[in-house]
Amino acid sequence: MPKTAAASPNDADAAMIDQPTIRVLFLTALLNVLSEVDDRIDPLLRDYGFFRSQLDKPYERVPLHRYVALLEHAAAKFQRPDLGLEMGQSFGLADLGPFHALLRASGTLRGALDCLTLFQSRLQSKTSFDSQIGPDRTTYSYRIEDPRIWPRQQDAEFALSGYANLVRQLTSAKWSPAEVHLEHPITGRDAFLTRFFRAPVLGNQVANALIIRNEDLDKPLVSVLSPEDEKLKSVLERHLLDLMGPAAAPGGGLVALTKDIIARRLGRARVDCALAAAELKLSERSLRRRLMEEGTSFRALLQEARQERARRILAAADLPLSVAAEQLGYSDTATFSRAFKDWTGISPGRYSKNTR
């Protein structure tokens with residue numbers, strides 16, 4: 001696939017509007033797992049605009065695309081194809097600083113994961129971490145919403161293995177999820193990943209996700225703290241929210257806000273103008289009118305998002321068209337194929353072959 005924002009450390013960052021960011025504290029995991037090649041890490045960090053001294057200010061924001069590209073480059077340079085998994089295993093509660101106490105004061109695993117959801121946009125912008133509750137299981141999904149940041153395998157595997165590690169530290173070292181989803185292909189790694197997570201692992205999914213049994217989520221945590229639960233949790237949340245500053249939000253006006261809603265929901269939930277308007281606290285009529293005043297429409301923005309993601313998906317992996325259709329919010333393969341041919345003049349299958 002053609003490399004974009006994640007491909008080079010020499011991008012003109014200043015020219016990027018509302019670029020996604022991540023907190024410096026996550027660099028700790030990379031440095032921990034590559035400690036044996038210590039003398040070769042610093043030049044690589046500098047290539048991507050990072051320095052060890054930044055770790056003195058763990059909540060400093062840095063460009064997400066450069067961070068993700070650094071992980072991919074480090075995995076290749078040091079021949080560590082499972083670098084992200086190693087990082088997740090090494091990243092524990094202590095690395096989260098004051099969040100450690102907040103998570104332990106949450107009462108249940110569900111409460112702890114809800115806390116991480118609350119802080120997601122402050123820890124890493126343009127990235128979703130949300131939950132969908134089912135009758136027996138809850139799906140916690142993680143996905144960078146900027147399609148230009150690709151490839152991002154190491155970041156995705158760091159995130160999921162890191163979440164799994166945190167769960168084990170909060171509950172039991174023997175804990176395992178019900179299922180794991182990864183957005184990238186896992187051909188040839190299926191058995192290894194299943195052993196690693198101690199659960200079935202599926203690739204080419206809509207988002208990276210841990211599927212967790214509700215009975216695990218709702219058990220009381222065994223905690224060394226004996227908090228006056230809600231009072232302590234409330235105090236900790238208030239102090240951390242103040243420490244980290246306001247949540248990152250998309251800029252650029254109503255068009256950018258609407259694009260952000262579409263990107264977060266596409267392939268995971270229903271996407272239509274009425275739902276977007278409700279999230280923006282506007283009437284559907286007002287949203288349509290204001291988008292028209294800015295020279296576009298909800299339908300055009302949705303089609304643009306689908307086209308952009310379709311090209312990325314088809315160029316990145318040899319996956320069934322049924323999976324691509326699902327990730328783009330189409331009801332079936334035939335509808336997706338017709339739409340794609342209308343956009344490009346060729347079928348999805350032919351496009352996929354031509355881009356490899």
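Along each chain, numbering runs from 1 in the same order as the chain's sequence is written. The predicted nature of this model means local features are confined to residues of pLDDT at least 70 and side-chain atom pairs, given and counted, to a pLDDT of 80 or more, with totals for whole chains, interfaces and linings taken over all residues. Side-chain calculation: all heavy atoms of the structure are included, whereas hydrogens and water are not.

Student: Is there a simple way to explain the confidence of the model for the chain in this structure?
Tutor: Do not read the fine detail of predicted coordinates wherever pLDDT is low. One number per residue, pLDDT, summarises how confident the predictor is, and it ranges from 0 to 100. The predicted model of the chain averages 86 in pLDDT, with 88% of residues at 70 or higher. Counted against residues more than four places away or in other chains, residues 1–17, with its pLDDT under 50, gives 30 contacts. Residues are treated as being in contact if the distance between any of their heavy atoms lies within 4.5 Å.

Student: Explain the packing of aromatic side chains to me, please; I cannot follow it from the model alone.
Tutor: Any two aromatic rings considered together are summarised by their centre-to-centre distance and by the angle between their planes. For Phe, Tyr and Trp, rings pair up if their centres lie within 6.5 Å, where Trp contributes its six-membered ring, and each pair is then called stacked (planes under 30 degrees apart), edge-to-face (over 60) or tilted (otherwise). Across all of its chains, the model carries 13 aromatic pairs by this definition. Residues Tyr-142 and Tyr-163 carry aromatic rings whose centres are separated by 6.4 Å and whose planes lie at 70° to one another, so their mutual orientation is edge-to-face. Of the two residues, Tyr-142 sits in strand S4 (residues 137–144) while Tyr-163 sits in helix H7 (residues 153–170), which places them 21 residues apart along the sequence. Each residue is placed in one exposure class: buried if its accessible area under a 1.4 Å probe, protein chains only, is under 20% of its type's maximum, exposed if it is over 50%, and partly exposed if it falls in between. Residue class for Tyr-142 comes out buried when judged on its relative accessible area of 3%. To qualify as a helix, a DSSP run of H or I must reach at least 4 residues; to qualify as a strand, a run of E must reach at least 2; elements of each kind are numbered from the N terminus.

Student: Just checking my understanding: could you explain helix H16 (residues 333–344) for this structure?
Tutor: Each α-helix winds once per 3.6 residues, and so residues spaced three or four apart point in a common direction. For H16, spanning twelve residues, the distance from its first C-alpha to its last is 16 Å, which sits close to the expected 16 Å at 1.5 Å a residue. Listed as buried for H16 are Phe-336, Ala-339, Phe-340 and Trp-343. The arc enclosing the buried residues of H16, seen along the axis, measures out at 100°, which places them on a common side. In H16, the exposed residues that point more than 90 degrees away from the buried face are Arg-338 and Asp-342. Where H16 begins, one side-chain oxygen reaches toward the backbone nitrogen of Ala-334, 3.2 Å away; that side chain belongs to Asp-332. Two residues or fewer after H16 comes Gly-345, characterised by a positive phi angle close to 85°. Helices are assigned an expected span. That span is 1.5 Å times one less than the residue count. Taking the helix axis as origin, the arc is that swept by the directions to the C-beta atoms. N or O atoms closer than or at 3.5 Å make up a polar contact, with two conditions inside protein: a donor-capable atom paired with an acceptor-capable one, and, for residues adjacent in sequence, both atoms drawn from side chains.

Student: Explanation requested: the pairing of strand S3 (residues 127–133) in the structure shown.
Tutor: Where a strand is regular, its side chains alternate between the two sheet faces. When S3 meets S4, the two strands line up antiparallel, connected through seven bridges. Following the sheet pairing, Ile-133 is matched in S4 by Thr-138. Hairpin connection from S3 to S4: three residues lie between these consecutive antiparallel strands. Two strands are said to pair when DSSP picks up at least two bridges between them.

Student: What exactly am I supposed to notice about the sheet that holds strand S5 (residues 179–181) here?
Tutor: Across a sheet, strands are paired by hydrogen bonds formed along the backbone, either parallel or antiparallel in direction. Taken in spatial order, the five strands of this open sheet run S3-S4-S7-S5-S6, and their pairing is mixed. Looking at which strands have only one partner, the edges of the open sheet turn out to be S3 and strand S6 (201–202). Strand direction decides the pairing type here: S5 and strand S7 (residues 208–213), joined by three bridges, are antiparallel. Across the sheet, His-181 pairs through a bridge with Ala-209, a residue of S7.

Student: Just to check I follow, could you spell out the packing of helix H6 (residues 109–123) against H7 for this structure?
Tutor: Describing two packed helices takes the angle between their axes plus the distance from one axis to the other. Simply put, an axis is a line fit to the C-alpha atoms, just over the touching stretch for a helix, and the angle between two N-to-C directions goes from 0 to 180 degrees. Where H6 contacts H7, the two axes come as close as 11 Å, and the packing angle between them is 140°. Taken together, the axis directions place H6 and H7 in an arrangement best described as oblique. The hand of the H6/H7 crossing is right-handed. Residues Leu-109, Ala-112, Leu-116 and Gln-120 of H6 lie in contact with H7, whose contacting residues are Tyr-163, Leu-166, Val-167 and Leu-170. Residue polarity is assigned by list, with Asp, Glu, Lys and Arg as charged and Ala, Val, Leu, Ile, Met, Phe, Trp, Tyr, Cys and Pro as nonpolar; anything else, Gly included, falls into the polar class. Broken down by class, the residue content of the contact of H6 with H7 amounts to seven nonpolar, one polar and no charged. Convention used here: angles under 35 degrees read as roughly parallel, angles over 145 as roughly antiparallel, angles from 65 to 115 as roughly perpendicular, and any remaining angle as oblique. It is the rotation of the near helix from the far one that decides the hand of a crossing: anticlockwise by less than a right angle makes it left-handed, clockwise makes it right-handed.

Student: Mind showing me how you'd approach the environment of Ser-331 here?
Tutor: Here Ser-331 is to be found in the loop between helix H15 (321–327) and H16. A relative accessible area of 68% means that Ser-331 is categorised as exposed. A polar atom in the side chain of Ser-331 sits 3.4 Å from the side chain of Asp-332.

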